[in-house]
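Overview (structure and organization)
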Amino acid sequence: MRFFSQAASLLLLSAAARAASDVIDLTKSSFDSEVNGEKLALVEFFAPWCGHCKSLAPHYEEAATELKNKHGIKVMKVDCTEQQDLCQEQGIRGYPTLKVFREGVPADYTGPRKADGIISYMVKQSLPALTQVTPDNHDEFKTKDKVVLIAYAKSENDVNKSFKKLADQMREKFLFGYATDPSLAPSEAGFPSIVMYKAFDEGMVVVPEKPSSVSEDYLKGWVQEQSTPLMDQVTPENFASYAEQGLPLAYLFIKPDDSRLNSLVQAIKPIAKAAKGKVNFVWIDGVTFVEHGKSLSVDTENYPAVVIQDMSPTGRGKKFVFPAAGDKFKPEEIGSWVEDFEAGKLEPTLKSAPVPASQDEPVYTLVGEEFDKVIFDDDKDVFVEFYAPWCGHCQRLAPIWDSLGEHFEDFKNTLTIAKMDATENDIPASAPFEVAGFPTIKFKRAGTRDFIDYTGDRSLEALIDFVTENSNNPLEFEDELNVTEAAVGDAEDVEEDEEAGHHDEL
């Protein structure tokens, strides 16, 4: 009897939990009546077994409650394992899929997947791109989101056209409003003016240019710069906002439970403020994103650590690791180091595998540390493959590349056939190219600094012909070319794959 009593209690608790949810469950029969009648609604299409759906669930529930109670926005969900026809009608191809419905018309949800991000996104969707702000709602409106922009002008017609365009373009990110009452403008801003209110850092900042003359490009750049916190945590949800700015990004890698976290963030904020508009600063969970730390050449066994990744258009992702980490790390020393970076005085940190003890094989194993010495040897022609160990095309090319090295083994004094694991070695700044896919094959003639992309057939015969035709140094054989059947067979496999359109990317 006790067992049945406990089971009944559990069932009652489960039913109560379901009843308490503010997320509306939809079926094929209820979908139209629930969704089509709403000016705005958010619907999640999910599967109970989906891990991402499970991670989203508590955030979705929290957002649903606030959106319902404070903003009158309904949040709904569809179990696609039970409502397969409905999900097929809605074109659902993966889980979770979120859609915003305006009076029954769907649009893809492109916002964050955390509760506060979902709330912020949907609130912005519920408002016009540009909201009129009055004395009655001014104080509420300017604190309605983390970033709110208000143009103070004589009338709506007098609001800067660039501001209106920006409101249309960025409505999903920020709230935009206008106010015609001069008394609402902050004294330090004046009237007319454009003001950004934000729930972090200094709280309020004024566009320094006259509203009548500010351009769209200037205003957009100013908004992106000023809406970026001095020292925020970077996550997959907000990384794109940093990447879009095209500025170098300085990471503080640290364990999230490190007792020094808050003090280090506060210590670095003045440095971040001095570098604002030139370098963005963030801190990152060094445990969750340890692989990202390794890719940036950070010593992931020695936190805290700082690295700058140059994400500017000309930076090519170069990395600059602060020399002191762990117990030797002192935040007060970061400032002068950042200034040296801005002045171009720092050398990039080059990720390199150890230099091989010997190079007895026909194919030279190139590492980052030896790149310039080997590649820019004026006396030699160089043919190099940049590969990844996991790349299928690279694996099939490997025996052919070895055969190529064996074929030209007698010419090692004038020709280098090389390979470089691009997952373990960085391409230095001296190279006028980046590796964007595998395999990437480059040829450099002796005495030049120009690189030729090899895009031809990956058979041994084709590779030999290419080297022979492009080498500045003479390549003369006494015996005729002897191509093994195995190599030819491998080459044919590669050709078939390429005809099928396969290509491994980074």
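It should be noted that the structure appears before, not after, this text.
Worth saying up front: this structure is predicted, and the values here are computed from it rather than measured.

Turning to unusual backbone geometry, a few remarks are in order. Each neighbour pair has its own omega, and for Y95 with P96 the value is -15 degrees, a cis peptide bond. When you line up the elements, P96 lands in the loop between α4 (84-89) and β4 (97-102). With an omega of -10 degrees, the peptide bond between F438 and P439 qualifies as cis. Mapped onto the fold, P439 is located in the loop between β19 (437-438) and β20 (440-444). Of note in this structure, D201 is not a glycine but carries a positive phi near 50 degrees. Among the structural elements, D201 can be located in the loop between β9 (193-198) and β10 (204-206). Here S297, not a glycine, exhibits a phi torsion of approximately 65 degrees, which is positive.

To continue, consider the nonpolar core. Core analysis: the biggest nonpolar cluster contains 31 residues, and L42, Y60, L67, I118, M122, I150 and Y152 have the highest contact counts within it. Of all the elements in the fold, those that place two or more residues in this core are α3 (51-71), β4, α5 (115-126), β7 (147-152), β8 (175-179) and β9.

Two numbers describe how α3 lies on α5: the axes approach to 8 Å, and their chain directions differ by 40 degrees. What the angle tells us is that α3 and α5 run oblique. Crossing angle aside, the handedness with which α3 passes α5 is right-handed. Each of L56, H59, Y60, E62, A63, E66, L67 and H71 in α3 lies in contact with α5, whose residues at this interface are A115, I118, I119, M122 and V123. When its residues are assigned to classes, the contact of α3 with α5 shows nine nonpolar, two polar and two charged.

Rules and cut-offs
Residues numbered from 1 in each chain as written. Predicted model: local features only at pLDDT ≥ 70, side-chain atom pairs only at ≥ 80, totals over all residues. Heavy atoms only, no water. Helix = DSSP H or I, 4+ residues; strand = E, 2+ residues; numbered from the N terminus. Core = buried A, V, L, I, M, F, W, Y, C linked by side-chain atoms within 4.5 Å. Buried < 20%, exposed > 50% of the residue type's maximum accessible area, 1.4 Å probe, protein only. Axes fitted to C-alpha atoms, helices over the stretch in contact; angles between N-to-C directions. Parallel < 35°, antiparallel > 145°, perpendicular 65-115°, else oblique. Left-handed = near helix turned anticlockwise from the far one by under 90°. Contact = heavy atoms within 4.5 Å. Nonpolar A, V, L, I, M, F, W, Y, C, P; charged D, E, K, R; others polar.

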